[in-house]
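Read off the chains here:
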Amino acid sequence: MAELIEKPIGLAAKPTRSQEFYDNVKRKFAEERDLRLNYRPNGTAQYTSEFSGALAKYEVDPYAGEVTPREPINDTVEVLFIGGGFSALLTSARLREHGVESIRIVERGADVGGTWYWNRYPGVACDVVAYDYLPLLDELDYVPKDHYARGPEIFAHCQAIARKYNLYKLATFQTTVTSTIWDPDEQMWNLTTDRGDHMKARFVICANGTLSKPKLAKIKGLETFKGHSFHTSRWDYAYTKPDLSGLENKVVGIIGTGATAVQAIPGLGAAAKELYVFQRTPSSIDIRDDWPTDPNWARRLPHGWQARRRARARMEPQLTEEQKAKQAAMSHEDKIRRQENANIEAMMKIHQRIDAIVKDKATAEALKPWYMLMCKRPCFHNDYLPTFNRPNVHLIDTKGKGITEITEKGVMFEGKQYELDVLIYATGFEVQKTGIYNQIKGANGLELNDKYREGIRTLLGIHSEGYPNLFIMGGYQASFQFNLTDMLQAQGDHIAACIDYARRHGYQSVDATPEAEEWWVQEIINHRGKTNRNHECTPGYYNFEGEFQRRQDGNYNGGFFQYCNHLGEVQARMDDHFSFSKK
Ligand code: NDP
């Protein structure tokens, strides 16, 4: 996630004011960050994702209904995916192209889709242009309906991929992998699940995503609330009704104003009798430039159009000779200052937009974010800010402190009780470092989490020495792309190439060498920490709530182009990076 912060996007605005102005804004950014850090000294421990007892209801799948009974499975497959989101779907498509037939997805939800299975809150959509975000469009001969896709379309696309590549046949849903243990004699992974299964697999791919486990802020009295409550990733449509008409006579509260809340709040504001938005830190809200896909344009798209778009995304940005000379002449400090000033200009534009839209001055002030753009996930929405002009919508700005008490009637803040019928938690997701719910033990019996305790160690963020035939997707030490499916596609291609190589050579196992792993750890360390931006940002999940991080415990910061080059180099010289076993 850190790369997002190191490389801000979309900073078109040119710095035009005195340096004193920018320095003052930077000082205000620092004050606002410190205020927040002081309110939450417990960092990531301010949240919980252990939902037992009274909290167990927050993790129940409202979309699947009862768990379908079935006999435990005791069998062997060639490739097993833990998780059924885009990571699994993209890699499976490539594996099928290489002739791999035995592929199983084991998924906690009742269908494929991952994040798009779970997140069905009203207004759910993706902020990345749909023609880039939705993968395998060439293969499925599909063109998204709009410039930006809504959640249901993306979820349906995931299902269409699973059908096209025949992935439903062996898939097991409503099943959570609980242990993944390497058997060196058999050269196989042994997996157990919460459904009593004992599965074996030659290759295992951790495709469980990084933001999969919902979390709640540990707020005093959380369990005492007597009204209705749920997390945004477990939306209770039985209560709200699909068109939200169930909220017509209800007083609704929502905690959190991150990317999820920004999409849900306009619908809630329009439907609820009263809506209270409890804000700790505002998001940055820019224009959402959306339109329906022109059918004539879609019809004329040549075969392979998306593959060419994706190839362009992997290309290194080209600078003119003049730009290169200018950059070379600038000191490191000057470069940073220019970037920061441009970033502040962009944030001032976000502030101006708020002033132009939000009528109540105090509300407008409270909605202004005071941090560098990209410290938090930037949001794009045309209806979010106008929602605060509705008479039934109330912004309760906690000025960085956050809600600290919940009672049986609702939310308490600064001695005032907000009585609510329903309370919605838009408090986000735990950032996982390795497989969730799952214990992964490698060749020497060491748990992967224990190996990582001294610092994450991988090759390309995908392989870890001592864990043969295990591939990790979307994890740390890999590149980070604003368009995540670009990244997952690159990783999926690489994993399919590794498995194909092993199969063609008759190898039973593939393991990163210690030297290859060490090379990659040093690459990570060398590319990180070029600026203090991560540390200077307001706390949030991008910077582990401001907690100290080892330099190796983050993303690869050398850029996506360079990351893809490294993937290619490793594939071209497999024998230099892996040890193989024919046993
Ligand atoms: P986030 O972690 O981004 O947001 C959690 C929110 O809860 C923050 O606003 C946080 O405040 C707030 N919060 C936590 N504790 C309290 C408290 N005690 N009182 C008041 N507020 C509190 O989670 P989201 O689900 O919004 O987003 C997660 C990620 O999912 C996004 O960053 C993005 O990567 C992805 N996503 C992408 C979308 C898109 O494409 N548009 C849409 C939705 C999600 P604070 O900021 O102060 O910590």
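Our structure's up above, just so we're on the same page.
The structure contained in this document is the topic of the report that follows.

**Quick word on the overall build of the protein**
Right, so step 1: In terms of regular secondary structure, the protein is built from 21 helices and 23 strands.
Right, so step 2: Taking 25 Å as the expected radius of gyration for a compact globule of 583 residues, we find that the protein reaches 24 Å, a close match to that expectation.
Right, so step 3: Counting only C-alpha atoms, the protein reaches 70 × 65 × 55 Å along its principal axes.
Right, so step 4: In the protein, once contacts between residues fewer than 6 apart in sequence are set aside, the share between residues at least 24 apart is 76%.
Right, so step 5: As displayed, the protein offers around 25,000 Å² of accessible surface, 50% of which is attributable to carbon and sulfur atoms.
Right, so step 6: Where the 74 positive side-chain charges of the protein centre and where its 76 negative ones centre are 3 Å apart.

**A closer look at the site of the ligand**
Right, so step 1: The local shell around the ligand holds 27 residues, among which D127, T260, T281, K376 and Y541 are the closest.
Right, so step 2: Take T257: an N or O atom from its main chain is 3.0 Å from an oxygen atom of the ligand.
Right, so step 3: Here Y541 contributes a side-chain N or O atom positioned 2.6 Å from an oxygen atom of the ligand.
Right, so step 4: In the complex, the protein chains occlude 90% of the 930 Å² of accessible area that the ligand would expose alone.
Right, so step 5: At three residues, helix α9 (residues 259-271) tops the list of elements feeding residues into the shell around the ligand.

**Considering the nonpolar core**
Right, so step 1: Within the largest apolar cluster, 116 residues are counted, with the highest numbers of intra-cluster contacts made by F86 and Y563.
Right, so step 2: Looking at which element gives the most residues to this core, the answer is helix α17 (residues 484-505), with nine residues.
Right, so step 3: Beyond its immediate sequence surroundings of up to four residues, F86 is in contact with W116, Y133, P135, I154, C158, I161, T485 and L488.
Right, so step 4: With 23 residues, the next largest nonpolar core counts V77, L191, V431 and Y467 among its residues.

Conventions used here
- Residues numbered from 1 in each chain as written.
- Predicted model: local features only at pLDDT ≥ 70, side-chain atom pairs only at ≥ 80, totals over all residues.
- Heavy atoms only, no water.
- Helix = DSSP H or I, 4+ residues; strand = E, 2+ residues; numbered from the N terminus.
- Rg over C-alpha atoms; globule rule 2.2 N^0.38 Å.
- Contact = heavy atoms within 4.5 Å.
- Areas by Shrake-Rupley, 256 points an atom, 1.4 Å probe, with all protein chains shown as cover.
- Lys, Arg positive; Asp, Glu negative; His and termini not counted.
- Charge placed at Lys NZ, Arg CZ, Asp CG, Glu CD.
- Near = heavy atom within 4 Å.
- Polar contact = N/O pair within 3.5 Å; in protein donor to acceptor, adjacent residues only side chain to side chain.
- Core = buried A, V, L, I, M, F, W, Y, C linked by side-chain atoms within 4.5 Å.
- Buried < 20%, exposed > 50% of the residue type's maximum accessible area, 1.4 Å probe, protein only.

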